[in-house]
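Architecture at a glance
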Amino acid sequence: MQRASAEGGQKIQNILLDQVQDALFIIDEVQEILYANRAAKQFFGDDIEVIGRQLIEVCLDHNFVQIAERAMQSQSLSPIQDKVKLATTNRTVLIEAGAINSNYQIGQGGWMMVRDITTELHTEQVRQDFVANASHELRTPLSIIKGYLEMIEDDPKYTQAVGIMSKHTDRLARIVDDMLLISRVESADGDMVKKEVLFDIGDCIEDIIQQLQPVIDEQNAKVKVMLPPDSEDRNFLGDRFYWDQIFFNLIENALKQNTHVAALKIEVVVKKKAKTNQFLIKVVDNGIGIPRDALREVFKRFYRVEKSHSQQKIKGTGLGLSIVKRAVEAHYGSIHVESQPGYRTRFIISVPGPPPASPQES
Ligand code: ADP
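Here's what I pulled together on the structure shown here.

Rules of the game
Residues numbered from 1 in each chain as written. Predicted model: local features only at pLDDT ≥ 70, side-chain atom pairs only at ≥ 80, totals over all residues. Heavy atoms only, no water. Pairing = 2+ DSSP bridges. Helix = DSSP H or I, 4+ residues; strand = E, 2+ residues; numbered from the N terminus. Axes fitted to C-alpha atoms, helices over the stretch in contact; angles between N-to-C directions. Contact = heavy atoms within 4.5 Å. Parallel < 35°, antiparallel > 145°, perpendicular 65-115°, else oblique. Left-handed = near helix turned anticlockwise from the far one by under 90°. Nonpolar A, V, L, I, M, F, W, Y, C, P; charged D, E, K, R; others polar. Core = buried A, V, L, I, M, F, W, Y, C linked by side-chain atoms within 4.5 Å. Buried < 20%, exposed > 50% of the residue type's maximum accessible area, 1.4 Å probe, protein only. Expected span 1.5 Å × (residues − 1). Bend = angle between axes of the 7 residues up to and from the residue. Salt bridge = Lys/Arg side-chain N within 4 Å of Asp/Glu carboxyl O. Arc of directions from axis to C-beta.

This brings us to the sheet that holds strand E5 (residues 109–116). Here 5 strands make up an open sheet; going across it, the order is E2-E1-E5-E4-E3 and the pairing antiparallel. Of all the strands in the sheet, the pair left with one neighbour each is strand E2 (33–36) and strand E3 (80–85). Taken over all neighbouring pairs, the strand axes of this sheet differ in orientation by 25° on average, direction set aside. Bridge analysis of strand E1 (residues 23–28) against E2 gives 3 bridges, and the strand direction is antiparallel. Of the residues in E2, the one forming a bridge with phenylalanine 25 is alanine 36. Together, E1, E3, strand E4 (92–100) and E5 form the strand contacts of helix H4 (residues 62–73), whose direction differs from that of E3 by roughly 170°.

This part is about the packing of helix H5 (residues 118–152) against helix H6 (residues 159–185). Relative orientation of the contacting elements H5 and H6 amounts to 155°, with a least axis distance of 9 Å. As judged from the angle between their axes, H5 and H6 are roughly antiparallel. At the point where H5 passes H6, the crossing takes the left-handed sense. Touching Gln128, Val131, Ala132, Ser135, His136, Leu138, Arg139, Leu142, Ile145, Lys146, Leu149 and Ile152 of H5 are Val162, Met165, Ser166, Thr169, Asp170, Leu172, Ala173, Val176, Asp177, Met179, Leu180 and Ser183, all from H6. Tallied by class, residues from the contact of H5 with H6 come to 14 nonpolar, 6 polar and 4 charged.

Moving on, we come to the nonpolar core. Trp243, Phe247, Ile251, Ile281 and Ile349 are the most contacted members of the largest nonpolar core, which has 49 residues in total. Not counting chain neighbours up to four residues away, the residues in contact with phenylalanine 247 comprise Ile201, Cys204, Ile205, Ile208, Glu252, Val268 and Ile281.

Here we take up the sheet that holds strand E9 (residues 265–273). Pairing in this open sheet of 5 strands is mixed, and the strands run E7-E9-E10-E12-E11 from one edge to the other. Of all strands in the sheet, those bounded by a partner on one side alone are strand E7 (222–226) and strand E11 (334–340). Taking each pair of neighbouring strands and ignoring which way they run, the sheet shows an average axis angle of 10°. In this sheet, E9 lies alongside E7 in parallel orientation, the contact comprising 5 bridges. Residue pairing across strands places methionine 226 opposite valine 269, the latter belonging to E9. Docked against the sheet, helix H9 (residues 320–330) engages E11 and strand E12 (344–352), running at close to 140° with respect to E11.

Even without glycine at this site, glutamine 31 takes up a positive phi of about 65°. Along the polypeptide, glutamine 31 turns up in the loop between E1 and E2. Backbone geometry places tyrosine 332, a non-glycine residue, at a positive phi of 60°. Among the structural elements, tyrosine 332 can be located in the loop between H9 and E11. Taking the relative accessible area as the measure of exposure, tyrosine 332 reaches 66% and is therefore exposed.

Next up on the list: H5. With 35 residues, H5 extends 52 Å between its outermost C-alpha atoms, agreeing within 8% with the 51 Å of an ideal straight helix rising 1.5 Å per residue. The largest bend in H5 is about 25°, located at arginine 139, with the proline proline 141 one to four residues further on. Looking only at H5, the buried set comprises Thr118, Gln128, Val131, Ser135, Leu142 and Leu149. Tucked into the core, H5 has its buried residues touching E4, E5 and H6.

The next point concerns the pattern of salt bridges. All told, the structure shown has 16 salt bridges when counted by the stated rule. One salt bridge in this structure joins arginine 70 and aspartate 82, with 3.1 Å as the shortest N-O distance. With arginine 70 in helix H4 and aspartate 82 in strand E3, the pair connects residues that are 12 residues apart, well separated along the chain. A relative accessible area of 28% places aspartate 82 in the partly exposed class. With its nearest N and O atoms 3.1 Å apart, the salt bridge here joins aspartate 177 to arginine 139. Taken together, the positions of aspartate 177 in helix H6 and arginine 139 in helix H5 put the pair 38 residues apart, joining distant regions of the chain. With a relative accessible area of 36%, aspartate 177 lands in the partly exposed category. Residues participating in the shared-partner salt-bridge network are Arg174, Asp178, Glu252 and Lys256.

Taking 1.5 Å per residue, 12 residues should reach 16 Å; H4 reaches 16 Å between its end C-alpha atoms and fits that length. Residues of H4 that are buried include every one of Phe64, Val65, Ile67, Ala68 and Ala71, and no others. With its buried residues spanning 150° around the axis, H4 presents them on a single face. Pointing more than 90 degrees away from the buried face of H4 are the exposed residues His62 and Gln73. Against the buried residues of H4 lie E1, helix H3 (55–59), E3, E4 and E5.

The structure is reproduced here in structure tokens:
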């Protein structure tokens, strides 16, 4: 069989790129469109001819064009990603764009991959609104039930029943609180509403340990905190409310998942990397750990590792770690977990430190 000619190869590539659902544009250095797949030709009108035209003439949106400009000017090899609401159509698009340099031998320019995410965003909004409204509405009836239960808890006739009902009401209240927190974290179009202040990260950790002290004592657990010795390196810029939640959930998990571990050791380690101005935060325990196939799932909403019968009593909603992840990401950080069950489980957070003070300020 003869090898496909270069022209034949090009044709096959074009046919394949026409099957891609996302719009793909290739532009030159003065933003003239050199290539558009079928989705791109249909994106801003019905199969309009776009080749040879200026990008702005076709999309009629400056924000859209600015992303292409940013990508072409960026020195980085990795593409940039951004969302834009198009003024002409009111649709929201997710754009990935990168530079094309002279190595490709087609001159300088850029490429853009565009996806319409309007429907996805709308569905997400409906879901968020539902969670926020439902949890809000559930709060009042729950506190009424709790109030009545407290009124009859001293009556010996009902002691056992009231105990069980109280336990379940507390659990429901915790789920509702976590759902409210999740909707707060996810409000404002996916961006967390934050009140950023400077605080000492060590104080935040100590406060949470104090709150959990009764549980720590009950389990006879050892908790060790290691902080940067220089107080300057403990200065943290962020929303303290969310960092309280982050440390509470991580440390509480390390405790409640390991009630049966005889010599439970929990370590909270904070390091500041001067070179990158990044904080590295680790919450480590030597408990039962997380099985390998569950490691990627634990940050998902309502996910709980399936427990053996004896462990099914562990309280929780499966929302804690998803709150932690969203809150860390809202501070431009990332979190991951490593676990060797029975030996060591480590949650590792990397998050930028506050911008260095300018010389006038210091
Ligand atoms: P939950 O409300 O169940 O604690 P999370 O989202 O906080 O929900 O955690 C999800 C699951 O991850 C937990 O149910 C548990 O199985 C697992 N997990 C989290 N932290 C730990 C830990 N330190 N050790 C063992 N398992 C953990």
